[in-house]
There are 2 protein chains.
Amino acid sequence: MAPDSRVQKSRAAVLAQTYELLTEGGIGGVSIEEVSRRSGVAKTTIYRHWPSKVALLLDACSSIGTPPETPDTGSLAGDLTALTERLAEQLRTARWAAVLPSIIDAAERDPDLAGLHTTLHAEIMEPFTTVTERAQARGELAAGREPADLVAAIAGPLFYRRWFSREPLHDAAIHHIVRDALTRATT
Amino acid sequence: MAPDSRVQKSRAAVLAQTYELLTEGGIGGVSIEEVSRRSGVAKTTIYRHWPSKVALLLDACSSIGTPPETPDTGSLAGDLTALTERLAEQLRTARWAAVLPSIIDAAERDPDLAGLHTTLHAEIMEPFTTVTERAQARGELAAGREPADLVAAIAGPLFYRRWFSREPLHDAAIHHIVRDALTRATT
């Protein structure tokens, strides 16, 4: 194997094991020691690529929120419905949904991890930001209604059901949430 | 000191140190070992009162959500505005607001701690449940509108701003959230 492809393979193994540990035990479950043991990559090599645990976590999580393409159905209602259905599905099944609380918790105490949280949150919500800002530019939001408030009115109740009240995310509930938020933001 | 008051003093010291450790480092930061060291109460004594770490955490957190009296202003709008202002203030300053993400994270992986989370969540949200159910009983909610959905429409965006988007909880934003949720639930 060429040196470059060996380096790439080690790098991928380290990132995969980091993410695996994160899923299993949250941020507290990730240590360079254990990543090294599981990936078979020496600790010194890991530290050469990632100077700190935060750098490694940031890299391992960088694909968490990478959003698939942003829908462009021609209407704000269509775009938001598509995005909200996808978000609900991710909240039910995606691994990041089980990992995010650990990052939020760590962000309460550690400024570096607060930076990681900010990056991830922006990535996860990016399609919502895009479609609501596009709608505002087209004049579809009522006066005094901000894109960020519309996003919070949709993502808020979804996240609340997923992590706080732990209620199921039925399709009917999701469509109610989107319709209510839209009605208030556009009239 | 009478034996009873000595027992009570030890008990209070153990609970205070448990909560202190929880605030400092989340659930991962709490160990019976460290609680014993800080409180000066022997580990065997701690285990005699609380058979497990979860039992101890549950007890230490039991006052987290103990709600002050539920407002009864005579109108749903008045009650919800008072409650939401208080919740926003708690989210800005209360220690439980810094601790809750750690409990949510643990609840993702540990069924016992999921039980702790359910108990705490119910305590924290109890006044909202009371006033929205009271409003439904008085016929103030529109057909098909459930108290739980109204609570999610208010607490969701607040929690979203506090823990996810990390936006400030301005009074103007709070009043917007309450007004929007109420308009949708009652018309």
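Residues numbered from 1 in each chain as written. Chains lettered and ligands numbered in written order. Predicted model: local features only at pLDDT ≥ 70, side-chain atom pairs only at ≥ 80, totals over all residues. Heavy atoms only, no water.

By the naming in an unreviewed UniProt entry, chain A is TetR/AcrR family transcriptional regulator, taken from Cryptosporangium japonicum.

### Brief notes about the interface of chain A and chain B
Of the residues lining the interface, 41 residues belong to chain A; the matching set on chain B comes to 41 residues. The three residues of chain A that bury the most area against chain B are Glu108, Tyr160 and Phe164 of chain A, which together make up 21% of that side's buried surface. If you look at where chain A meets chain B, you find eight salt bridges. Put simply, Arg161 of chain A and Asp149 of chain B hold a salt bridge, and the shortest N to O gap is 2.8 Å. Across the chain A-chain B interface, the total number found is 15 residue pairs in polar contact (both at pLDDT 80 or more). Looking at the side of chain A that touches chain B, the elements with two or more residues in it are helix 1 (3-25), helix 6 (95-109), helix 7 (111-137), helix 8 (147-164) and helix 9 (171-186) of chain A. The element that contributes the greatest number of residues to the side of chain A that touches chain B is helix 8 of chain A, accounting for 14 residues. (Contact = heavy atoms within 4.5 Å. Buried area = accessible area lost by both parts, 1.4 Å probe. Salt bridge = Lys/Arg side-chain N within 4 Å of Asp/Glu carboxyl O. Polar contact = N/O pair within 3.5 Å; in protein donor to acceptor, adjacent residues only side chain to side chain. Helix = DSSP H or I, 4+ residues; strand = E, 2+ residues; numbered from the N terminus.)

### Topic: unusual backbone geometry
The phi dihedral of Arg166 of chain A falls on the positive side, at around 50°, and the residue is not glycine. Tracing the chain through its elements places Arg166 of chain A in the loop between helix 8 and helix 9.

### Thoughts on the relation of the copies chain A and chain B
For the pair chain A and chain B, the best superposition has an RMSD of 0.0 Å and corresponds to a rotation of 180° with a translation of 0.0 Å parallel to the axis. Taken together, the rotation and translation relating the two chain copies correspond to the operation of a two-fold axis. No C-alpha of chain A approaches the rotation axis more nearly than that of Gly156 of chain A, which lies at 2.0 Å. In this assembly the copies share their binding face: 100% of the residues contributing to the interface of chain A also contribute to that of chain B. (Least-squares fit on C-alpha atoms with pLDDT ≥ 70 in both.)

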